[in-house]
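Spelled out from the first residue to the last, the chains are:
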Amino acid sequence: MDLFPLYNSLRIAVISTFFVFFLGIAAAYYIAKCPRFVKGILDVFFTLPLVLPPTVVGYLLLLLLGPKRIIGSAFFESFNIRLTMNWWSAIFAVTVIVFPLMYRTARGAFESFDDTLSDAGKTLGLSNSYIFWRIRIPNCKQAIISGVVLSFARALGEYGATSMIAGYIPNKTATVSTAVYQLWRTGNDELAFKWVMINIAISALVLLAINLLERPKSRV
Amino acid sequence: MLYVNIEKKLNNFTLKVNINTDKDILALLGASGAGKSVTLKCIAGIDTPDKGQIILDGQTLFDSKKHINIAPQKREVGYLFQQYALFPNMTVEQNINTGLKKIKKSERKKRTAELIKHFHLKGLEKLRPNTLSGGEQQRVALARIFASQPKVLLLDEPFSSLDNFLKWQLELELKNALNEFFGDVIMVSHNIDEVCKLCNNVSVISKGTVQEKKSVYDLIYHPKTLAEAMITGCKNYSSAQHISSGMYHCPDWGINLKTNNDTENAKYIAIKNEDIKFADNESENVLECEVVQIINEKIGRSIALKTTNSIIYMPLKNDSIIPLKHNKFKIYLDSNKLFLLTGSENDD
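Note that the structure is a prediction, hence the values are computed from the model and not measured.

Another aspect to go through is the pairing of strand S10 (residues 201–206) of chain B. Residues and elements named next belong to chain B. Here S10 lies mainly inside the structure; six of its six residues are buried. Bridge analysis of strand S3 (residues 25–29) against S10 gives four bridges, and the strand direction is parallel. Within S10, the position partnered with Ala27 by the bridge is Val202. Bridge count between S10 and strand S12 (residues 214–215): two bridges; the pairing is antiparallel. When the sheet's bridge partners are listed, Asn201 is paired in S12 with Ser215. Across two bridges, the pairing between S10 and strand S11 (residues 209–210) is antiparallel. Paired with Ile205 across the strands is Val210, a residue of S11. In textbook terms, the turn of a hairpin is the stretch between consecutive antiparallel strands, and for S10 and S11 this stretch comprises two residues, one of which, Lys207, has a positive phi near 45°.

Here's what the structure looks like:
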């Protein structure tokens, strides 16, 4: 059994989660400082990928990144690189789809964070980046970790936008989810079933991890 | 030396603060929601006033006209928060260490050890704040502030999160710590007892307006405004109209009162609960009123007496007779004990 789809899915998920970690936290942090009106608009914009069908996100991404579109054609002309139909093209799709999960959990954590802690840090002369990384993030650790795990789980299973932007090329862009569809479509039920089981196993493991993390701690 | 003259619009009123203090322990005394914490936050730079000036030891921290607004990190202001704001993810030692960013790394360890010893925190170094008692938390917070060597110390309701039993010991400890501090101290409180124990001077803050600074003794024995009288626990007051020299009409109590001093612009007359007596055979300043409630106090009882338009509270001496509800009594308001008060400007 060729394990390429698993390997490809994992690397896409890991890299996308890495990006989403920083993007989600930064968005959550800066949106809190916006005036209310701007906040409302940005929040809708940032959360939209969560509720839109992934095919719609894929379509919109193709409007930007497609070989004849603004960004896509610019890249092709300057670097001779096509932004679609590569294994890493899926990272664009997955990052956009998964972003709201990280953004929302981080925002929730930041909102429940006690701001007097950061005020105390300021009066003690601590720099803003020290306060952010050594006080704010550690005190929101639990929520942020579950945000990361949840994002990773969702990234692993992304299908709609990925299939539109990276397609299904065996040994090049195939992921677990696109492989399942392709195998089923071509009548390879047995192999499709194996991949389904693998997918269920991984997702169950991730959810188990979340539950363990969210279990209330007895004492820090 | 700290000079603060700022204004800031809040939800219900405009905060107007004028403080001038020099190496002193000054209390800002006021009911909750009077703008006390906002004042401290403006001084620390966590909050920004709309206009005005803040100058600390000759250095301008804030000046709306010159567009100066120094970052809180550079203000050298120590802030003791209501719940102490210790960092939950750090140990006692690490918490204190965060105050030491200014001094050389090689000296930090020594300084931390000194502070731990000084604030009686030996043995707690490796513990997290949530495992400490309220008193220990306050000592850690103070150690952390002293570590940062501030020029001014701001105390925001330092005892609000403690029960009475713990409070008294902590007041002593804080008093000791304040005695060792050589800069300005401003303490915000709503409790006159705390202020008496810890502060020398006091400004009453009422609906955002800070009133003239005076000694704690003067505040208690010679209140000048209604807000000052009320915050020191003087519950009985009536509006007052000047009739003739030394005579005032008090519509809320339904009586004309003779007073010793004479302030034509007095708008209120007040008397401390404990200064009210049952009338003997006095001919003036005697008021008849009806008992509407009997209240059990920690020691003894007090009664609520209905007058024309208000209620007078009167503690009962232990040996006096116990009145029943609806009994009528004559009480005597001693002209030596009456306070003539002006309203603060935003009472109108």
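Let's pick the thread back up.
Residues and elements named next belong to chain B. Tracing the chain through its elements places Lys8 in strand S1 (residues 2–9). Take Lys8: its relative accessible area is 13%, and that puts it in the buried class. There is a polar contact of 3.4 Å between the side chain of Lys8 and the side chain of Asp47. Leaving out residues up to four positions away in the same chain, Lys8 has contacts with Phe13, Thr14, Leu15, Val38, Cys42, Asp47, Thr48, Pro49 and Asp50.

Going through the model one piece at a time under the given rule, you end up with 18 salt bridges over all chains. Each member of the salt-bridge network shares a partner with another, and the members are Asp43, Arg104, Arg107 and Glu111 of chain A.

It is worth spelling out the packing of aromatic side chains at this point. All names here are of chain A. Summed over all chains, the structure comprises 23 aromatic pairs over all chains. Note on Phe21 and Phe22: the rings are 4.9 Å apart at their centroids and 85° apart in plane angle, and the pair reads as edge-to-face. When its relative accessible area of 39% is taken as the criterion, Phe22 is described as partly exposed. Taken together, the ring pairs connect Tyr29, Tyr30, Phe110, Phe132 and Trp133 into an aromatic cluster. The aromatic ring of Phe110 is capped on one face by Arg136, whose charged end is 5.7 Å from the ring centroid.

Counting from both sides, the interface comprises 20 residues of chain A and, opposite them, 22 residues of chain B. Both faces combined, the contact of chain A with chain B buries some 1,800 Å², and carbon together with sulfur accounts for 64% of it. If you look at where chain A meets chain B, you find zero salt bridges. Taken together, the connections running from chain A to chain B amount to four residue pairs in polar contact (both at pLDDT 80 or more). Looking at the side of chain A that touches chain B, the elements with two or more residues in it are helix H6 (115–123) and helix H7 (128–139) of chain A. Partitioned by chemical class, the residues of the side of chain A that touches chain B number nine nonpolar, seven polar and four charged.

The next thing to look at is the sheet that holds strand S21 (residues 311–315) of chain B. Residues and elements named next belong to chain B. If you walk across this open sheet you meet the five strands as S18-S22-S19-S20-S21, and the pairing is antiparallel. The outermost strands of the open sheet, each flanked by one partner alone, are strand S18 (277–278) and S21. Relative to strand S22 (residues 328–332), S18 runs antiparallel, the two being bridged by two bridges. Each residue of the ladder has a partner; that of Lys277, found in S22, is Tyr332.

Rules and cut-offs
- Residues numbered from 1 in each chain as written.
- Chains lettered and ligands numbered in written order.
- Predicted model: local features only at pLDDT ≥ 70, side-chain atom pairs only at ≥ 80, totals over all residues.
- Heavy atoms only, no water.
- Buried < 20%, exposed > 50% of the residue type's maximum accessible area, 1.4 Å probe, protein only.
- Helix = DSSP H or I, 4+ residues; strand = E, 2+ residues; numbered from the N terminus.
- Pairing = 2+ DSSP bridges.
- Polar contact = N/O pair within 3.5 Å; in protein donor to acceptor, adjacent residues only side chain to side chain.
- Contact = heavy atoms within 4.5 Å.
- Salt bridge = Lys/Arg side-chain N within 4 Å of Asp/Glu carboxyl O.
- Phe/Tyr/Trp six-rings, centres within 6.5 Å; stacked < 30°, edge-to-face > 60°.
- Lys NZ or Arg CZ within 6 Å of the ring centre and 35° of its normal.
- Buried area = accessible area lost by both parts, 1.4 Å probe.
- Nonpolar A, V, L, I, M, F, W, Y, C, P; charged D, E, K, R; others polar.

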